[in-house]
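In case you want the letters, here they are:
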Amino acid sequence: MENKYITVAYKLYAIADGKKEMLEEAPAEHPFQFITGIGYTLDRFEKEITTLNTGDNFNFTIPCAEAYGERNEDNVRQVAKSMFCDADGKFDSDNIFPGNIIMLSDAEGNQFYANVGEITEDKVVVDLNHPHAGKDLTFEGKVIEMREATNKEIQELVNMMSGGCGGGCEGCGGGCGEHHHEDEDCCCGHCH
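One structure accompanies this document, and this report is about it. Predicted, not measured: the structure shown is a model, and the values here were computed from it.

All right, on to the overall build of the protein then. Within the protein, the regular secondary structure consists of two helices and nine strands. In sequence order, the secondary structure elements of the protein are arranged as β-β-β-α-β-β-β-β-β-β-α. Going through the 192 residues of the protein one by one, you find that 36% of them count as buried. The long-range share in the protein, meaning contacts at least 24 apart out of those at least 6 apart in sequence, stands at 63%. As displayed, the protein offers around 11000 Å² of accessible surface, 46% of which is attributable to carbon and sulfur atoms.

Now the structure itself:
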């Protein structure tokens, strides 16, 4: 499969209890950018978009099973609050607060994201489920650009996915690898 450079503007919705809830937005001023064939996006999202052309509108739903799967309550854990303290025993309240997404590492050095939940006197609840787990996802938007990706663009994306900077990040103040989709000024992409 050829690697296509694609930018899309979209709104992402989930249907819960019969109500449509907007989860995130990538407006045309700050579109979602990705390259096909690298594993940066959901397979089904990529398949839906690559059937389109520049300027086409889209509206499709990805079932939970093809998105982030069902929530697994075994992935909600309590960890010692001391795990988030510095050498002097000071708790990192700047980064560890309910609702924040943080990066954790396991014993083998694998990194993964966790959503911070309740914080008690001695415990922190972390949710290792993807924030969109258990949801059917509806994407509505427009293809802004679709063309063959350059070798440089492919390398920048590979660098970013491996924890380095993808290049061109001066405009978003750096922070690659710590991107959160709420940061609309970032050029580094979204969660899909």
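Judged by pairing direction, the sheet is antiparallel, and its four strands sit side by side in the order 5-8-7-6 without closing on themselves. Edge strands, defined here as strands with exactly one partner in the open sheet, are strand 5 (76-80) and strand 6 (101-105). The average undirected angle you get between the axes of adjacent strands in this sheet is 45°.

To continue, consider helix 1 (residues 43-50). The set of residues buried in helix 1 consists of F45, E46 and I49. Relative to the axis of helix 1, the buried residues are bounded by an arc of 95° and lie together on one face. Turned more than 90 degrees away from the buried face of helix 1 sit D43 and K47, all of them exposed. The elements touched by buried residues of helix 1 are strand 1 (4-16), strand 3 (32-35), strand 4 (57-62) and strand 9 (137-148).

Under the counting rule described, the total for this entry stands at eleven aromatic pairs. Each residue in the set Y10, F32, F34, Y40, F45, F58, F60 and F139 is aromatic and connected to the rest through ring pairs, giving one cluster. A cation sits over an aromatic face here: K20 above Y13, 4.3 Å from the ring centre. Cation over ring: K81 sits above F91, and NZ or CZ is 4.8 Å from the ring centre.

Reading the values: the criteria
- Residues numbered from 1 in each chain as written.
- Predicted model: local features only at pLDDT ≥ 70, side-chain atom pairs only at ≥ 80, totals over all residues.
- Heavy atoms only, no water.
- Helix = DSSP H or I, 4+ residues; strand = E, 2+ residues; numbered from the N terminus.
- Buried < 20%, exposed > 50% of the residue type's maximum accessible area, 1.4 Å probe, protein only.
- Contact = heavy atoms within 4.5 Å.
- Areas by Shrake-Rupley, 256 points an atom, 1.4 Å probe, with all protein chains shown as cover.
- Pairing = 2+ DSSP bridges.
- Axes fitted to C-alpha atoms, helices over the stretch in contact; angles between N-to-C directions.
- Arc of directions from axis to C-beta.
- Phe/Tyr/Trp six-rings, centres within 6.5 Å; stacked < 30°, edge-to-face > 60°.
- Lys NZ or Arg CZ within 6 Å of the ring centre and 35° of its normal.

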